[in-house]
Amino acid sequence: MITYDSAEILADFSKRRNITLPLLADPKSEIIRAFGVLNTSVPPTHLWYGVPYPGTFIVDQNGVVKSKYFEDLYSERYSAPTILLREFGSVAGTRQTTVRADHLELNYYSTRDVVRPGLRLTLVADFQLPPKMHVYAPEVKNYIPIRFELDPSPNYKAAAAEYPKADILFLPAIKETVPVYQGKFRVTQDVTAAGGNVLQPIIAAKGELKITGKLRYQACDDKICYLPETLPLEWTLKVEPLDRERVPEAIQHKPPAATGGS
Amino acid sequence: MTLPSWIPSSLLPSAIWAFLPLLLSAQAQQGRFQNEPWMTAPPTSTGIAVGQKIPPFKAPDQSGQVRDFNSIRGPKGAAIVFNRSADW
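Numbering of residues starts from 1 in every chain and runs along the sequence as written. Starting at A for chains and at 1 for ligands, labels are handed out in the order in which the entities are written. Totals for whole chains, interfaces and linings use all residues, but because this is a predicted model, local features are given only for residues with pLDDT of at least 70 and pairs of side-chain atoms are given and counted only at 80 or more.

As a further point, take the overall build of chain A. For the purposes of this entry, the term helix denotes a DSSP run of H or I that reaches at least four residues, the term strand denotes a run of E that reaches at least two, and both are numbered from the N terminus. Broken down by element type, chain A carries five helices and 18 strands. Our radius of gyration looks at C-alpha atoms and nothing else; its globule reference is 2.2 Å times the residue count to the power 0.38. Scaling as 2.2 N^0.38, a compact globule of 262 residues should have a C-alpha radius of gyration of about 18 Å, whereas chain A reaches 23 Å, well beyond that. If you line up chain A on its principal axes, its C-alpha atoms span 80 × 45 × 30 Å. Our exposure labels follow a C-beta count within 10 Å of each residue's own C-beta, placed from the backbone: buried means 20 or more other C-beta atoms, exposed means 12 or fewer, and partly exposed covers the counts in between. Looking at the 262 residues of chain A, the share that counts as buried comes to 40%. For chain A, the proportion of contacts with a sequence separation of at least 24, taken over those separated by at least 6, is 59%. Two residues qualify as being in contact provided that their C-beta atoms, derived from the backbone, are within 7 Å of each other.

Encoded structure:
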């Protein structure tokens, strides 16, 4: 991780949070500029001058960028498990809910059980259908597609749900070709916890953020289409406040004007 | 070293993102300043493109040890996280 902080600031912070992995000090923003991520909106005389646009580069062992994760708003961040899920397809350790419904089994969870304001996490739903069973993909015409839908809330912002590529299935009985999901598949949806003070009442109370939604689908096998189903979905996340503890004043950043610029 | 359980052990050498959630806690705070329009401006650049090679770099870490890409990468590479500050 690279910041425009001095090594002293990073030493204090990493000691306080017990971080042993490398935090690199770039107080003159040389690496930040070399990577092309200097925040050019900050006026040169402001205390923040030299900060990067926050984001993550995933780099292979030869130093070639494989992917990157940046947000439009500085106060919003991808959480590490969301990046791990995208890069490696799995993330372990959070609470799962299992639903054994008619014609399908669903395991769903959040990539994080604990969130802070502005944090972007991923809601994951892993499906398992019995042999010969299918549900319809979102692009299907004239059938009821699977639909993963979150209830709107001021406490979070939902990105679009992401569905996998459909299988194309030929149904001899009706001589139709339809896009479907069969066997195992995954649907995900990113959610960003509200920033600013929106979550303050939740933090002041029980610290519980509930995300609710529903899953609608119609399952069919090679002979029958069953009645459409709607399953309620609910995630309960713990909300923690931002850490506002500062390093000692003596080593805090000084505005460029006071130090002759940098 | 204590790490959250969601980090696969195979990633440990390159898991410099492990503390990203912790760092979140130290930022996104603008209480000491009035809101200015530029504070919420979206990035004008997200830097080096996918498929490009990162520039060489060298910088001291929190213990004062000078690190470069070779010293932080693991067998699969590395996640290089740019954050605004650890003190906000």
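This next bit is on unusual backbone geometry. Trans peptide bonds make up the majority, and among non-glycine residues the majority have a negative phi. Residues and elements named next belong to chain A. Residue N18 is not a glycine yet carries a positive backbone phi of 60°. Mapped onto the secondary structure, N18 falls in the loop between α1 (7-16) and β2 (24-25). The backbone of H103 shows a phi angle near 75°, a positive value even though the residue is not glycine. With respect to the helices and strands, the residue H103 is situated in the loop between β6 (96-101) and β7 (104-110).

In this section: the interface of chain B and chain A. On the side of chain A, 73 residues touch chain B, which itself brings 60 residues to the contact. Mapped by element, the contributors of at least two residues to the side of chain B that touches chain A are α1 (20-24), β1 (58-60), α2 (69-72) and β3 (78-82) of chain B. Residues are grouped as follows: nonpolar covers Ala, Val, Leu, Ile, Met, Phe, Trp, Tyr, Cys and Pro; charged covers Asp, Glu, Lys and Arg; every other residue, Gly included, is treated as polar. Taken together, the residues that form the side of chain B that touches chain A break down as 37 nonpolar, 16 polar and seven charged. In this scheme, strands are said to pair when DSSP sees at least two bridges between them. Both strand β3 (residues 55-59) of chain A and β3 of chain B contribute to a ladder of five bridges, which runs antiparallel.

All names here are of chain A. Sheet topology note: the strand β8 (residues 114-115)/strand β18 (residues 229-239) ladder contains two bridges and is parallel. When the bridges of β18 are listed, V114 appears paired with K238. As paired elements, strand β16 (residues 208-217) and β18 share ten bridges and run antiparallel to each other. The partner of L209 across the bridge, within β18, is L237.

Another point: the pairing of β16 of chain A. All names here are of chain A. The side-chain alternation of β16 yields one buried face, formed by L209, I211, G213, L215 and Y217, and one unburied face, formed by E208, K210, T212, K214 and R216. Judged from the four bridges that link them, strand β11 (residues 147-150) and β16 form a sheet pairing that is antiparallel. Bridge pairing in β16 links E149 to K214.

Residue and element names in this part refer to chain A. Looking at chain A, the domain boundaries give domain 1 (2-86) and domain 2 (89-239). Just so you know, the domain bounds were taken from an automatic or database domain assignment. Computed from C-alpha atoms alone, the centre-to-centre distance between domain 1 and domain 2 is 32 Å. The partner domain 2 presents 14 residues to the ten residues of domain 1 that form the contact. Mapped by element, the contributors of at least two residues to the side of domain 1 that touches domain 2 are β5 (77-78) and α3 (80-88). Tallied by class, the residues present in the side of domain 1 that touches domain 2 amount to four nonpolar, three polar and three charged.

Attention now moves to the environment of P255 of chain A. All names here are of chain A. Relative to the elements of secondary structure, P255 occurs in the loop between β18 and α5 (256-259). Residue class for P255 comes out exposed when judged on the 12 C-beta atoms lying within 10 Å of it. Once the C-alpha coordinates of P255 and Y49 are considered, the two residues, 206 residues apart in sequence, prove to be 8.0 Å apart.

Turning next to the sheet that holds β11 of chain A. Read across the sheet, four strands follow the order β8-β18-β16-β11 (chain A) without closing on themselves; strand pairing throughout is mixed. In the strand order of this sheet, the two ends are held by β8 and β11 of chain A, each with one partner.

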